[in-house]
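# Structure assessment
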Amino acid sequence: MIPIYEPDLSQLEEDYLLDAFRSGWISSKGDYLAQFENSFARWVKTRYALATCNGTTALHLALLALGSKSGDEVILPALTPIATANAVTFTGATPVFVDSDAASWTVAPDDIEKHITKRTRGIIAVHLYGRPARMNRILPLSQKYGLWVVEDAAEAHGARVLGRPVGSIGTIGTFSFFGNRILTTGEGGIVTTNDDDLAELISRYRGQGVSPTVTYWHDLLGYNYRMTNLTAAIGLAQLERVHEILAAKQRLSRWYTERLASLPEIELARPQDWADDICWMFSALVSRRDEVRAKLSEAGIDTRPFFFPVYKMPIYHDPTLHLPITENLSKRGIHLPSSPRLKEEQVDYICDTLIKIVHKTKPVRISPTIRPQKISEKVKTLLRADS
Ligand SMILES: Cc1ncc(COP(=O)(O)O)c(C=O)c1O
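Criteria and cut-off values
- Residue positions are counted from 1 within each chain, in the order its sequence is given.
- For this predicted model, a pLDDT threshold of at least 70 governs which residues receive local features, and a threshold of 80 or more governs which side-chain atom pairs are given and counted, while totals over whole chains, interfaces and linings are taken from all residues.
- Computation of side-chain values: all heavy atoms of the structure, hydrogens and water removed.
- Only DSSP runs of H or I covering at least 4 residues are called helices, and only runs of E covering at least 2 are called strands; the numbering of each starts at the N terminus.
- Contacts are assigned to residue pairs with any non-hydrogen atoms lying within 4.5 Å of each other.
- Joining through side-chain atoms within 4.5 Å is the link that ties buried Ala, Val, Leu, Ile, Met, Phe, Trp, Tyr and Cys residues into a set, and such a set is a nonpolar core.
- Each residue gets one of three labels from its accessible area relative to the maximum for its type: buried under 20%, exposed over 50%, partly exposed in between, using a 1.4 Å probe on protein chains only.
- Domain limits in this description derive from either an automatic procedure or a database domain assignment.
- Centres within 6.5 Å make a pair out of two Phe, Tyr or Trp rings, where for Trp the six-membered ring is used; the pair is then stacked when the planes are under 30 degrees apart, edge-to-face when over 60, and tilted otherwise.
- Each axis is a line fitted through C-alpha atoms, and for a helix only the stretch in contact is used; angles between axes span 0 to 180 degrees, taken between their N-to-C directions.
- Just so you know how the angles are binned, under 35 degrees is roughly parallel, over 145 roughly antiparallel, 65 to 115 roughly perpendicular, and the rest oblique.
- Two helices cross in a left-handed way if the nearer one is turned anticlockwise from the farther one by less than a right angle. They cross in a right-handed way if the turn is clockwise.
- For two strands to be treated as a pair, DSSP must find no fewer than two bridges joining them.
- The rule for a residue being near a molecule or strand is that one of its heavy atoms must lie within 4 Å of it.
- The definition of a polar contact used here is a pair of N or O atoms within 3.5 Å, where within protein one atom must be able to donate a hydrogen and the other to accept one, and adjacent residues in sequence count solely through side-chain atom pairs.
- Note on areas: Shrake-Rupley, 1.4 Å probe, and residue coverage restricted to the protein chains presented here.
- Here, the arc refers to the directions that run from the helix axis to the C-beta atoms.
- Per residue, pLDDT captures the predictor's confidence, and it can take any value from 0 to 100.
- Computed with a 1.4 Å rolling probe, the buried area is the accessible surface lost when two parts are put together, summed over both parts.
- For salt bridges, the criterion is a side-chain nitrogen of Lys or Arg within 4 Å of an Asp or Glu carboxyl oxygen.
- Excluding any residue in a salt bridge, patches collect residues exceeding 30% relative accessible area, merging like charges within 9 Å and nonpolar Val, Leu, Ile, Met, Phe, Trp and Tyr side chains within 5 Å.

Another aspect to go through is the environment of cysteine 279. Positionally, cysteine 279 belongs in the loop between β10 (275-276) and β11 (282-285). Residues cysteine 279 and alanine 248, 31 residues apart in the sequence, show an inter-C-alpha distance of 9.7 Å. Filtering out sequence-adjacent residues up to four positions away, cysteine 279 remains in contact with Lys249 and Ser253.

Counting residues in each nonpolar core, the largest one holds 93 residues, and the members touching the most others are Phe40, Phe97, Ile112, Ile124, Met135 and Ile138. For this core, the domains that each give at least three residues are domain 1 (11-240) and domain 2 (243-386). Residues contacting isoleucine 138, with those up to four places away along its chain left out, are Val107, Pro109, Ile112, Ile123, Ala125, Ala133 and Val149. Core analysis: the next-biggest nonpolar cluster, separate from the first, contains 24 residues, Leu252, Tyr256, Ile266 and Ile350 among them.

The next thing to look at is the packing of aromatic side chains. Applying the stated criterion across every chain, the model contains 13 aromatic pairs. With 5.0 Å between their ring centres and 20° between their planes, tyrosine 223 and tyrosine 225 make a pair best called stacked. Tyrosine 223 gets classed as partly exposed once you look at its relative accessible area, which sits at 24%. Connected via pairs of aromatic rings, a cluster forms that spans Phe36, Phe40, Trp43, Phe175 and Phe177.

A few words on the packing of helix α1 (residues 11-23) against helix α8 (residues 229-240). Between two packed helices, the angle of one axis relative to the other and the distance separating the axes together describe the packing. For the pair α1 and α8, interaxial distance at closest approach is 8 Å and the crossing angle is 150°. Of the possible angle classes, the one that applies to α1 and α8 is roughly antiparallel. Pair α1 / α8 crosses with right-handed handedness. Residue-level inspection shows Leu12, Glu13, Tyr16, Leu17, Ala20, Phe21 and Ser23 of α1 in contact with α8, the latter providing Asn229, Leu230, Ala233, Ile234, Leu236, Ala237, Gln238 and Glu240.

Let us now look at the sheet that holds strand β2 (residues 73-77). Ordered by their spatial adjacency, seven strands build an open sheet running β1-β9-β8-β5-β4-β2-β3, and the pairing between neighbours is mixed. What marks the edges here is a single partner per strand, and that holds for β1 (48-52) and β3 (94-98). Each neighbouring strand pair of the sheet contributes to a mean axis angle of 20°, computed without reference to strand direction. One ladder, built from three bridges, connects β2 with strand β4 (residues 120-126); its direction is parallel. Looking across to β4, one finds that glutamate 73 is bridged to threonine 120.

Once that is clear, we can look at the site of the ligand. Neighbouring the ligand are 14 residues, the closest being Gly55, Thr56, Asp152, Glu155 and Ser176. At a separation of 2.7 Å, a nitrogen atom of the ligand approaches a polar side-chain atom of aspartate 152. With respect to the ligand, the side chain of serine 176 contributes an N or O atom lying 2.7 Å from an oxygen atom. For the ligand, whose free accessible area comes to 390 Å², the fraction covered by protein is 88%. Of all the secondary-structure elements, those providing two or more residues to the shell around the ligand are α3 (55-65) and α4 (82-90). Here the shell around the ligand gets three residues from one element, more than from any other, and that element is α3.

With that out of the way, let us pick up the sheet that holds β10. Here three strands make up an open sheet; going across it, the order is β7-β6-β10 and the pairing antiparallel. What marks the edges here is a single partner per strand, and that holds for β7 (164-165) and β10.

Now for helix α11 (residues 324-332). Inspection of α11 places Thr326, Glu327, Leu329 and Ser330 among the buried residues, and these make up the whole buried set. Taken down its axis, α11 places every buried residue within 165° of arc, on the same side. Where the residues of α11 are buried, they touch β3, β11, α10 (289-298) and β13 (333-336).

So, about the confidence of the model for the protein chain. Within the protein chain, residue pLDDT values average 94, and 93% of them lie at 70 or more. Note that residues 366-387 has pLDDT below 50 and, in this model, 14 contacts with residues that lie over four places away or in other chains.

A few words now on the domain arrangement of the protein chain. Each assigned domain of the protein chain is listed with its residue range as follows: domain 1 (11-240) and domain 2 (243-386). A separation of 29 Å is found between the C-alpha centroids of domain 1 and domain 2. In this assembly, 41 residues from domain 1 lie in contact with 35 residues from domain 2. Taking both sides of the interface into account, the surface hidden between domain 1 and domain 2 amounts to around 3,300 Å²; carbon and sulfur atoms contribute 67%. Considering only the side of domain 1, the residues that lose the most area to domain 2 are Trp105, Tyr129 and Ile182, jointly responsible for 23% of the buried surface there. Taken together, the links from domain 1 to domain 2 amount to one salt bridge. With its nearest N and O atoms 3.5 Å apart, the salt bridge here joins arginine 131 to aspartate 277. Applying the counting rule to domain 1 against domain 2 returns 14 residue pairs in polar contact (both at pLDDT 80 or more).

Together, Leu18, Phe21 and Ile26 line one region of the surface with nonpolar side chains, adding up to about 290 Å² of accessible area. With respect to the secondary-structure elements, leucine 18 resides in helix α1. Classification of leucine 18 by relative accessible area gives partly exposed; the value is 36%.

Here we come to the side chain of glutamate 37. Note on placement: glutamate 37 falls in helix α2 (residues 31-44). A polar contact of 3.0 Å, which involves the side chain of glutamate 37, links it to the side chain of arginine 206. Setting aside its immediate chain neighbours within four residues, glutamate 37 contacts Ala49, Leu50, Ala51 and Arg206.

Take a look at the structure:
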């Protein structure tokens, strides 16, 4: 099986991890943590970077520091992992789901504006699958209505908007370092910001709300969301190799695009001239996505579907909500294997197989001259499956 993703780990990660282990600093204090946070802040170009134990806790800390609470509304795209919505719910606020943009697949700024009410406090702009959200429209909106903006960059390390790294543009940025992320630490996350007060609050919420000056004195309801020095050692090595990893991802994206972009049966996201994407997953839209996935699996190619719209899942179920672009993307989207170490011959095999499959599963088009009663049962079944 060609896996959907394999982490790109080298001798450097092993050496740093072993060094951290042998130092005895295995909990949430140690040189690797400080170096990782400082290097990440320099790389993303923010004043602060605060490491956490995963991307969900990074989001939760961001929202806590921004004062999100019961009665508030927070706008976010419906096409996102449940983690983004859950972080809002943890604070007592209500997530308000909006549609995506058909060209870039990220949150649609016009739909954000339509959903702003007196209770709206902020926007979470998700940089989905490595594609930046339209920050050049979202920031002016946030200024117009006095809202904060959290950039959820869990899937977009290294992407840029008009030359600025994601995670440095909004009020706060958050990243994940799960095993299949562009940079990984196994599990891990980080919060980035330029704001001194927010950074202090995030640090305190992360460490059980402890006072910065009095030992064992806690004056905030905080959490233990810290990263370990062992984890940070892997993160520092990944960061020192980030240019190599990003170059591999760009190469992979070029290989896939060259082979698939001109096929009418396969739709790719349109590149945006204001954005430098980073191909976290190479993704496409196809008809009969689940059938295509099953056939790719039979050929030894692992894939993933796009996320479900969050409002379809039991916790957030809203039968009155219908976001057409989100639902279309969710139904047709597929991720192809995207490990940085994938070889060009493997991409050839994946694309050749996919092309053969989509040609065979091409939707049947009925000519308007065919009368409905003449349509065979087989074609009716095909049409139902394609609708
Ligand atoms: C966009 C986005 N935000 C947040 C998260 C949560 O990150 P983690 O899995 O590290 O908690 C994920 C991962 O599922 C994600 O893809």
